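The chain contents come next:
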Amino acid sequence: MEKIVILTGAGISAESGISTFRDEGGLWAQHAIEDVATPEAFRRDPDLVHRFYNARRAQAAEVAPNAAHLALARLQERHRGEVVLVTQNVDALHEAAGSRAVLHMHGALAGALCARCEARWPAPMVMATRDACPICGAAATRPDIVWFGEMPYGMEAIWQHLEEADVFAAIGTSGNVYPAAAFAQHAGRAGAQTIELNLEASQNTRDFAETRLGRASVIVPEWVDAVLGN
Ligand code: OAD
């Protein structure tokens, strides 16, 4: 049975109302990465970093999955082979659409992490620097988000999945951030068919055998229907 590995990025959640990072007016046009999304930024000004992610969490709580998230959940449910869903997104829209076992390689807004003892627990809606870790008591609570300069989660399993993939699809990601931007080349070299589904061609578009351009809410359900043979 065909094994399908999917990587999603901010573009799949854009039509749900979540800001992307690099589109015009995106998050990285409004905030400098080095101010809010690095371990150094958190050490320098944890209040600013918490404010940034509290705002992201508040935005994510108000939105609903769109037709693209729902289509991928349908694919996971109906495809006879394995469907591995890896996301760079920190929202929970894949889960809200019914997807199971989503690999959040860049962490999740729903999680809190102790920078001292590495304990993890569900994040409250509003996090603050003075919040104490429930395990060690340190006031070193941070969002469980993978920042620039940190190692994404689950990489060993993800590389393995890419090597076993018959099909690799990247959806709504600009191909700027590694290691995710290297997945297409890795899967392609291991023999997978590679396809990108995006609004515009990504930075690494040449790594894909096929490109389909359009809005995720339109082109992802079409692709899923074709894979399922509908
Ligand atoms: P980007 O903001 O870099 O790219 C979003 C992509 O989605 C772009 O290529 C857009 O063309 C596309 N897009 C926008 N609207 C779309 C729509 N309606 N349908 C389909 N595609 C659409 O976001 P990512 O590639 O996810 O990491 O960014 C990767 C990582 O960089 C993020 O996980 C985050 C960020 O810095 C960290 O914060 C560690």
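Residues numbered from 1 in each chain as written. Predicted model: local features only at pLDDT ≥ 70, side-chain atom pairs only at ≥ 80, totals over all residues. Heavy atoms only, no water.

1. A look at the packing of aromatic side chains
Per the counting criterion, the structure on display carries 8 aromatic pairs. Judged by centre distance (5.1 Å) and plane angle (35°), the ring pair of F21 and W28 falls under tilted. Of the residues examined, F21 reaches a relative accessible area of 28% and is grouped as partly exposed. Taking the centre distance of 6.5 Å and the plane angle of 65° together, the rings of W28 and F148 count as edge-to-face. (Phe/Tyr/Trp six-rings, centres within 6.5 Å; stacked < 30°, edge-to-face > 60°. Buried < 20%, exposed > 50% of the residue type's maximum accessible area, 1.4 Å probe, protein only.)

2. Quick look at the nonpolar core
By size, the foremost hydrophobic cluster in this structure holds 20 residues, and its most contacted members are I6, L72, V220 and W223. Of all elements in the fold, only β1 (4–8), α6 (67–78), β2 (83–87), β7 (167–171), β8 (193–198) and α10 (216–228) reach the threshold of two or more residues within this core. With 5 residues, the single largest contributor to this core is α10. Sequence-distant contacts of I6, that is, excluding residues within four places in its chain, are made with L72, L75, V83, V84, L85, V86, A169, I171 and W223. (Core = buried A, V, L, I, M, F, W, Y, C linked by side-chain atoms within 4.5 Å. Helix = DSSP H or I, 4+ residues; strand = E, 2+ residues; numbered from the N terminus. Contact = heavy atoms within 4.5 Å.)

3. Structural notes on the UniProt feature "binding site: Zn(2+)" (unreviewed entry) in the protein chain
Taking the numbering used here, the UniProt-annotated feature "binding site: Zn(2+)" (unreviewed entry) corresponds to C114, C117, C133 and C136. Of the residues just listed, which span 23 residues, no C-alpha pair is farther apart than 8.5 Å, and they cluster in one region. Residue classification places C133 among the buried positions, given a relative accessible area of 4%. When residues no more than four places from it in sequence are discounted, the contact partners of C133 are C114, C117, A119, W121, A138 and T141. Taking the relative accessible area as the measure of exposure, C136 reaches 37% and is therefore partly exposed. Residue contacts for C136: discarding those within four places in its chain leaves C114, R116 and C117. (UniProt positions renumbered as here; feature names shortened; annotations may be inferred.)

4. Brief notes about the site of the ligand
Looking at the ligand, there are 24 residues lining it, with F21, R22, H106, T173 and S174 nearest. At 2.8 Å, a side-chain N or O of W28 approaches an oxygen atom of the ligand. Measuring from an oxygen atom of the ligand, one finds a backbone N or O atom of G172 at 3.3 Å. Starting from 800 Å² of accessible surface for the ligand in isolation, the protein chains cover 95%. For the shell around the ligand, the class distribution of residues is 9 nonpolar, 10 polar and 5 charged. Counting the residues that make up the shell around the ligand, at least three belong to each of domain 1 (1–18 + 65–106 + 151–230) and domain 2 (19–62 + 109–145). (Near = heavy atom within 4 Å. Polar contact = N/O pair within 3.5 Å; in protein donor to acceptor, adjacent residues only side chain to side chain. Areas by Shrake-Rupley, 256 points an atom, 1.4 Å probe, with all protein chains shown as cover. Nonpolar A, V, L, I, M, F, W, Y, C, P; charged D, E, K, R; others polar. Domains from an automatic or database assignment.)

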